[in-house]
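Overview (structure and organization)
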Amino acid sequence: MSVLDISIDALLTTTRSVRKRLDLSRPVEPEVIRECLELALQAPTGSNSQGWHFVVVTDPHQRHALATLYRKGAAQYIELMAPVFQQRAAASEQEATTLARVFDSGQYLIDHLHEVPVHVIPCIQGRTDHLPIVAQSSLWGSIMPAAWSFMLAARSRGLGTSLTSFHLFFEQEAAEVLGIPYEEVMQAALIPVAYTLGTDFKPAVRKPLESVLHWDRW
Ligand SMILES: Cc1cc2nc3c(=O)[nH]c(=O)nc-3n(C[C@H](O)[C@H](O)[C@H](O)COP(=O)(O)O)c2cc1C
């Protein structure tokens, strides 16, 4: 598969959450997904446990079923978070603009998820429910680096992704749709994957490093 001619720093700063610029009409070859997952398998896991699994969903009926759960989950999330978002939007005009952009882009994905050609669901053996923080860290930390590696590898091959979580409001229902053994295996996210419309993406505006950096002590 062809790899974009961009520097490592450019890759790390321009791997954005892509929603509106997904090419919903272009098929994604299974080989490119496999290639990106091979790279993801180089990520670290606690004690090299490699309890990860990756469910790749291309079947239109399965994607439809997941999109329905995603849409229901999004509605719950928006209801749950409404007071927080209102507070954030009231804080400054810039914050309000940022939130409006994320909502607009998020709504596009809600409306079109079933049309995205591939969904990748990274999973981890075990469940964090009621575990102490160290065990939670170990499980989440044994799947999220691989998920992000997959997204970077995808970006390097002209594919767009975004890490999403809304469907997890209905994780058990999604497990039933996909045949995932829910009691033993936890879904960590749902990553829609498609080729992007154009390959140029810009670094995001983030809080300045100085506002979040704590050197030697908080
Ligand atoms: C833990 C986590 C969960 C997320 N869940 C969703 C989601 O369910 N749906 C969605 O559209 N984006 C989701 N996102 C993507 C964020 O909205 C995204 O990172 C944010 O819009 C900033 O985009 P940027 O990274 O391109 O700057 C999630 C991101 C993270 C890290």
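Read on for a plain summary of the structure. (Residues numbered from 1 in each chain as written. Predicted model: local features only at pLDDT ≥ 70, side-chain atom pairs only at ≥ 80, totals over all residues. Heavy atoms only, no water.)

Concerning the site of the ligand
Which entries qualify depends on this criterion: Here, proximity means that at least one heavy atom of the residue falls within 4 Å of the molecule or strand. Polar contacts here mean pairs of N or O atoms no more than 3.5 Å apart (in protein, one a potential hydrogen donor and the other a potential acceptor; neighbouring residues in sequence count only if both atoms are side-chain atoms). For the area figures, the Shrake-Rupley method with a 1.4 Å probe applies, and any residue is considered shielded solely by the protein chains shown.
If you check the shell around the ligand, you find Arg 16, Ser 17, Arg 19, Tyr 70, Val 102, Leu 109, Leu 163, Thr 164, Ser 165, Phe 166, Ala 204 and Arg 206 and nothing else. The separation between an oxygen atom of the ligand and a polar side-chain atom of Arg 19 is 2.8 Å. The side chain of Arg 206 places a nitrogen or oxygen atom 2.9 Å from an oxygen atom of the ligand. Notes on the ligand: free accessible area 620 Å², of which the protein chains cover 65%.

Some thoughts on the state of the cysteines
Heads up, the condition is: When two cysteine sulfur atoms are found within 2.5 Å, that pair is recorded as a disulfide. In this scheme, a residue with accessible area under 20% of its type's maximum is buried, one over 50% is exposed, and one in between is partly exposed, where area comes from a 1.4 Å probe on protein chains only.
Within this structure, the stated rule accounts for zero disulfides. Free of any disulfide, Cys 36 has its nearest neighbouring cysteine sulfur in Cys 123, separated by 18 Å. Under the relative-accessibility criterion, Cys 36 is labelled buried at 0%. By relative accessible area, Cys 123 is classed as buried at 1%.

Focus: helix H6 (residues 144-156)
Where we set the bar: Here a helix means four or more residues in a row that DSSP labels H or I, a strand means two or more in a row labelled E, and each is numbered from the N terminus. Expected span of a helix, by definition, is 1.5 Å for each gap between consecutive residues, and there is one gap fewer than residues. For this analysis, residues touch if any pair of their heavy atoms sits within 4.5 Å.
The end-to-end C-alpha distance of H6 is 18 Å, a good match for the 18 Å that 13 residues give at a rise of 1.5 Å each. Residues of H6 that are buried include every one of Ala 146, Ala 147, Phe 150, Met 151, Leu 152, Ala 153, Ala 154, Arg 155 and Ser 156, and no others. Check the buried side of H6 and you find it contacts helix H1 (8-14), helix H2 (30-40), strand E1 (52-57), strand E2 (118-125), strand E3 (159-161) and strand E5 (191-195). Looking one or two residues beyond H6, the residue adopting positive phi is Gly 158, at roughly 85°.

Some thoughts on the layout of surface pockets
Threshold: The distinction between a cavity and a pocket rests on a 1 Å grid over the protein atoms alone: a 1.4 Å probe fits inside a cavity but cannot get out, while a pocket stays open yet meets protein on both sides within 12 Å along at least five of seven lines, and a residue with an atom within 4 Å of a point counts as lining. Grid points are joined across faces, edges and corners, and a volume is the space filled by probe spheres set on the points. Residues are grouped as follows: nonpolar covers Ala, Val, Leu, Ile, Met, Phe, Trp, Tyr, Cys and Pro; charged covers Asp, Glu, Lys and Arg; every other residue, Gly included, is treated as polar.
By volume, the largest pocket is sized at about 1700 Å³. Lining the largest pocket are 45 residues, with Ser 17, Arg 19, Thr 98, Val 102 and Arg 206 sitting closest to its centre. When contributions to the lining of the largest pocket are tallied by element, the ones reaching two or more residues are helix H3 (60-91), helix H4 (93-112) and H6. Broken down by element, the lining of the largest pocket gets its largest block of residues, 14 residues, from H4. Partitioning the lining of the largest pocket into residue classes produces 20 nonpolar, 13 polar and twelve charged.

Some words on H3
Rule in force here: Bend, at a single residue, is the angle you get between axes fitted to the 7 residues ending at that residue and the 7 residues starting at it.
At Ala 82, H3 shows its maximal bend, which comes to roughly 55°, and the proline Pro 83 appears one to four places after that position. Residues Arg 63, Leu 66, Ala 67, Leu 69, Tyr 70, Gly 73, Ala 74 and Phe 85 constitute the buried set of H3. Buried residues belonging to H3 abut E1, H4, E2 and helix H7 (171-178). Its side-chain oxygen 3.0 Å from the backbone nitrogen of His 61, Asp 59 forms the N-cap of H3.

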